[in-house]
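Examination of the molecular architecture
Chain by chain, the residues run as shown.
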Amino acid sequence: MIMILDETKILKVNPDLSGEEDIEKIAYAAEIIKKGGLVAFPTETVYGLGANALDEKAVASIFAAKGREQDNPLIVHVSDSGDINKFAVADGNEKASLLFSQMPAPLTVILPKRDIIPLSVTAGLDSVAMRVPQNTVARKLIELSGLPISAPSANLSGKPSPTKAWHVIADMIGRADVIIDGGDCEVGLESTVISLCYETPRLLRPGGFTHEKLCELLGKVDISDAVLEKLKEGQKAESPGMKYKHYAPDTKVILVKGNGDKVKDFLGKKYSEENCGIICFDEDISERSGRILVMGNRKNEEEYAVKMFDALREVDRIPDIDTVYAVLPETTDGISLAIYNRMLRAAAFNIIEL
Ligand code: AMP
Ligand code: MG
């Protein structure tokens, strides 16, 4: 039994909680968290599936609802960076303080865990991932529950992460007790994950808080090999989530990388020869149709990031196609590193370099 309610309640709120009954709705959801239930809620990155991080049974329900592997640990969300030290060992850690000064942010920091956090949250690791979300609804839910909330993305394991309420509803009806519909997510990518458990800080998952920004703050920050490469057989994942198949639509995804003219040529041919779908920038193809998903223009990778997971769900709704060609940004600078990281997994590392 995963749920504590008989059926999933969907509660729609204004993103800024300005509606008359919005606070009451969040207070209701917070009660569900206190009782050990599951609440899906918006954050600035993607929607999360939350439960009381201190309640092992509630935490077990998260894994069951998502079909998540038991060895893939969860991020613990608090509403103030001052609370992190209650759950993770951060006192006297200068690098941690520098990161905390940036929060709330789409940034997760991994630190040694304190005993109060159950091992089921960290999948047996002696470290814990901590985050302070920026989103108004997420913060209010955490505040009113008075608890740390462990939450992975609110999708079925393997599916694209949810950035719109309908994505959550599609995956979590009959699995989560409450789904809070607070509109679309602003960043559209899961948080940047950085570990302070190595001698040099290490980026485990790129996201909206860029590697460049982390280096400005902390000096040298390593990037885990697994960010852009497939794990080799027998290689141990630094972040357990790296092992798993991720973000994949049912439609086969083939990535396309190259300069503007080559991409334009390639897509033009594919589009007229095959009944395929296309994910690309505005400049890459002059046609427009239901088979073409435009991710904004080449200079605005943030827009690509926001639209990416929605596009990966939308391709499965395009009739009569079995393949989608998805154009990548030309370089891996800034937020593009995160786009590469997610799209490589959605495409099972299938990439055409023009
Ligand atoms: P998700 O909750 O789906 O956004 O994924 C959270 C990511 O953080 C996964 O890739 C986890 O493997 C990773 N993670 C969480 N806790 C830890 C930890 N203690 N050490 C390393 N990676 C972690
Ligand atoms: Mg996830």
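Structural data are supplied above this passage.
None of the values given here were measured: they were computed from a predicted structure.

The environment of ligand 1 is made up of 17 residues, and the closest members are N72, S127, R205, S239 and G241. The side chain of S153 places a nitrogen or oxygen atom 3.5 Å from an oxygen atom of ligand 1. With respect to ligand 1, the side chain of S239 contributes an N or O atom lying 3.0 Å from a nitrogen atom. Surface burial for ligand 1 is 92%, taken as the share of its 500 Å² of free accessible area covered by protein chains. For the shell around ligand 1, the secondary structure elements donating two or more residues are β6 (127–131) and β10 (202–205). Here the shell around ligand 1 gets three residues from one element, more than from any other, and that element is β6. Along the lines of polarity and charge, the residues of the shell around ligand 1 split into nine nonpolar, five polar and three charged.

Our focus in this paragraph is the nonpolar core. Generally speaking, nonpolar side chains in soluble globular proteins are found buried as a group. If you look at the biggest cluster of nonpolar residues, it comprises 47 residues, and the most contacted ones within it are L49, I84 and L111. Within the residue set of this core, elements represented by two or more residues are β3 (48–52), α2 (56–66), α3 (84–87), α4 (94–100), β5 (107–112), β6, α6 (165–172) and α7 (211–218). In terms of residues, this core owes the most to one element, α2, which gives five residues. I84 has contacts with V78, F100, M103, L111, M130 and V132, leaving out every residue within four places of it along the chain.

For the structure shown, the criterion picks out three aromatic pairs. Measuring from ring centre to ring centre gives 5.7 Å for F266 and Y325, while their planes differ by 80 degrees; the resulting arrangement is edge-to-face. Within this pair, whereas F266 is found in helix α8 (residues 260–273), its partner Y325 is found in strand β15 (residues 323–327), the two being separated by 59 residues in sequence. Exposure remark for F266: the relative accessible area of 16% places this residue in the buried category. A residue is classified by how much of its surface remains accessible, and Y325, at 6% relative accessible area, is buried. Between F281 and Y304 the ring centres are 5.3 Å apart and the planes differ by 50 degrees, which places this aromatic pair in the tilted class. Residue F281 is found in the loop between β13 (277–280) and β14 (292–294), and its partner Y304 is found in helix α9 (residues 301–314); the two are separated by 23 residues along the sequence. Classification of F281 as buried rests on a relative accessible area of 0%.

Across the sheet, five strands lie side by side as β14-β13-β15-β12-β16; this open sheet has parallel pairing. Both edges of this open sheet fall to β14 and β16 (351–353), since each of them pairs with a single strand only. Taken pair by pair, the neighbouring strands of this sheet meet at an average axis angle of 20 degrees, ignoring direction. Here three bridges tie strand β12 (residues 252–257) to β16, and the two strands are oriented parallel to one another. The partner of L255 across the bridge, within β16, is I351.

Moving on: unusual backbone geometry. Of the consecutive residues M103 and P104, the connecting peptide bond is found in the cis state with omega at 0 degrees. Phi is positive for F349, which is not a glycine, with a value near 65 degrees.

The rules we used
- Residues numbered from 1 in each chain as written.
- Chains lettered and ligands numbered in written order.
- Predicted model: local features only at pLDDT ≥ 70, side-chain atom pairs only at ≥ 80, totals over all residues.
- Heavy atoms only, no water.
- Near = heavy atom within 4 Å.
- Polar contact = N/O pair within 3.5 Å; in protein donor to acceptor, adjacent residues only side chain to side chain.
- Areas by Shrake-Rupley, 256 points an atom, 1.4 Å probe, with all protein chains shown as cover.
- Helix = DSSP H or I, 4+ residues; strand = E, 2+ residues; numbered from the N terminus.
- Nonpolar A, V, L, I, M, F, W, Y, C, P; charged D, E, K, R; others polar.
- Core = buried A, V, L, I, M, F, W, Y, C linked by side-chain atoms within 4.5 Å.
- Buried < 20%, exposed > 50% of the residue type's maximum accessible area, 1.4 Å probe, protein only.
- Contact = heavy atoms within 4.5 Å.
- Phe/Tyr/Trp six-rings, centres within 6.5 Å; stacked < 30°, edge-to-face > 60°.
- Pairing = 2+ DSSP bridges.
- Axes fitted to C-alpha atoms, helices over the stretch in contact; angles between N-to-C directions.

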